[in-house]
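Summary of the model geometry
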Amino acid sequence: RRGMLVTGYYEPVFKGNLTKDPPFLTPIYALPPSLANNSREQGERQIAAYWTRQEIETNPELLKGYELAFLKDPVDAFLLQIQGSGRIQLPDSSVRSVRFAGTNGLEYKSIGKLLVDEKRIPLEKVTIPVIRAYLLEHPEQQQRILHHNPRFVFFYWGDEHGPKGSYGVELSPGRSIAVDDIALPGGSIGYLVSRMPQGETGGAIKDWQTMTRFVFPQDSGAAIKGTGRVDIFLGHGEAAELAANHMKEQGSLYFLVERPPQKAQ
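Structural notes, computed from the coordinates. As the structure is a computational prediction, the values presented were derived from the model and not from experiment.

**Quick look at the packing of helix α3 (residues 74-83) against helix α5 (residues 128-137)**
- It is at 12 Å that the axes of α3 and α5 come closest, and there the two elements cross at 155°. Overall, the two elements α3 and α5 adopt an arrangement that is roughly antiparallel. Our pair here, α3 against α5, has a crossing hand that is right-handed. Contact residues: V75, D76, L79 and Q83 in α3; I128, R132 and L135 in α5.

The structure is reproduced here in structure tokens:
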């Protein structure tokens, strides 16, 4: 399909702690057994009503005992949930990975779109760094904006391997993509044409290079809906973060399909 919006996602690294000690006060949670049972029996799209992000974050007693770790910043915890997996650097400098375990089953709502609709950030300037900067500059609005997205993600401790996509396959940086697996074929081979930002020391974009490569639809995401969106996994580290935070490009995605045998004349 031509005219697709191509974005990037990555595996972030945040500082955290296993216990609630200042400045590590914002919890991320393991999946509660009751929700895990619902997920298995009904499927995520059919889960009965569960607590919203606002309810969970304003009433810590609801999930007391299911805290997996604690991060410094509510925005870090929010972005970890958006990316779906990540790594946590503990105070002793060791690093542990966290992986997507499930959600509260509620619809994803973009806070970037909210800020555009409220005319707080121009559409062409919406990136994760710009959104983070706005929240830092307007702390009185932060909770309201984050709670606009009722969807909440739960995690489990991972191993030394990289994150897995929704098909259970370990994601390959620069090759795995997330698409709407209802609208587009998953588990096949695609060919993606777009542009990739190239960074430099200091966190700035140096230039943009044409990207043409074979890719594999191995993931999906709540924000990836319809035939006009594709999200490419870029790995972890500063370069991956910089590229993913700024990538919002037009592109084309072609799928390789087997041609049916021709009938004999």
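**Description of the environment of V95**
- By secondary structure assignment, the location of V95 is in strand β6 (residues 95-103).
- Between the C-alpha atoms of V95 and G16, which are 79 residues apart in sequence, the distance is 9.5 Å.
- Setting aside anything within four residues of it in sequence, one finds V95 in contact with R87, I88 and Q89.

**Things to note about the pairing of strand β4 (residues 67-71)**
- Most of β4 is tucked away: 4 of the 5 residues are buried.
- For strand β2 (residues 13-17) and β4, the ladder comprises 2 bridges, and the chain directions are antiparallel. What sits directly across from N17, in β4, is F70.
- One ladder, built from 4 bridges, connects strand β3 (residues 26-29) with β4; its direction is antiparallel. Bridge pairing links P27 to F70 in β4.

**Structural notes on the pattern of salt bridges**
- Evaluation of the coordinates by the stated rule reveals 9 salt bridges.
- Between D117 and K113 there is a salt bridge; the shortest N-O distance is 2.8 Å. Taken together, the residues span about one helical turn, with D117 and K113 both in helix α4 (residues 111-117) at a distance of 4 residues.
- Exposure remark for D117: the relative accessible area of 48% places this residue in the partly exposed category.
- For K113, a relative accessible area of 52% translates into the label exposed.
- Across the salt bridge formed by E118 and R120, the nearest N and O atoms sit 2.6 Å from each other.
- Taking the relative accessible area as the measure of exposure, E118 reaches 29% and is therefore partly exposed.
- By relative accessible area, which is 35% here, R120 ends up partly exposed.
- Within this structure, E11, R87 and R99 form a network of salt bridges that share partners.

**Some words on the environment of G174**
- Considering the arrangement of structural elements, one finds G174 in the loop between β7 (153-157) and β8 (176-178).
- Sequence spacing of G174 and G237 is 63 residues, and the spatial spacing of their C-alpha atoms is 13 Å.
- In this structure G174 touches R213, V215, I232, F233 and L234, once residues within four positions along its chain are discounted.

**Describing the sheet that holds β2**
- Ordered by their spatial adjacency, 6 strands build an open sheet running β3-β4-β2-β5-β6-β7, and the pairing between neighbours is mixed. Pairing within the sheet leaves two strands with one partner each, and these edge strands are β3 and β7. For this sheet the average axis-to-axis angle between neighbouring strands, irrespective of direction, equals 45°.
- Each of β2, β3, β4, β5 (86-89), β6 and β7 is contacted by α3, which is oriented at about 20° to β3, the strand it contacts most.

What counts and how
- Residues numbered from 1 in each chain as written.
- Predicted model: local features only at pLDDT ≥ 70, side-chain atom pairs only at ≥ 80, totals over all residues.
- Heavy atoms only, no water.
- Axes fitted to C-alpha atoms, helices over the stretch in contact; angles between N-to-C directions.
- Helix = DSSP H or I, 4+ residues; strand = E, 2+ residues; numbered from the N terminus.
- Parallel < 35°, antiparallel > 145°, perpendicular 65-115°, else oblique.
- Left-handed = near helix turned anticlockwise from the far one by under 90°.
- Contact = heavy atoms within 4.5 Å.
- Buried < 20%, exposed > 50% of the residue type's maximum accessible area, 1.4 Å probe, protein only.
- Pairing = 2+ DSSP bridges.
- Salt bridge = Lys/Arg side-chain N within 4 Å of Asp/Glu carboxyl O.

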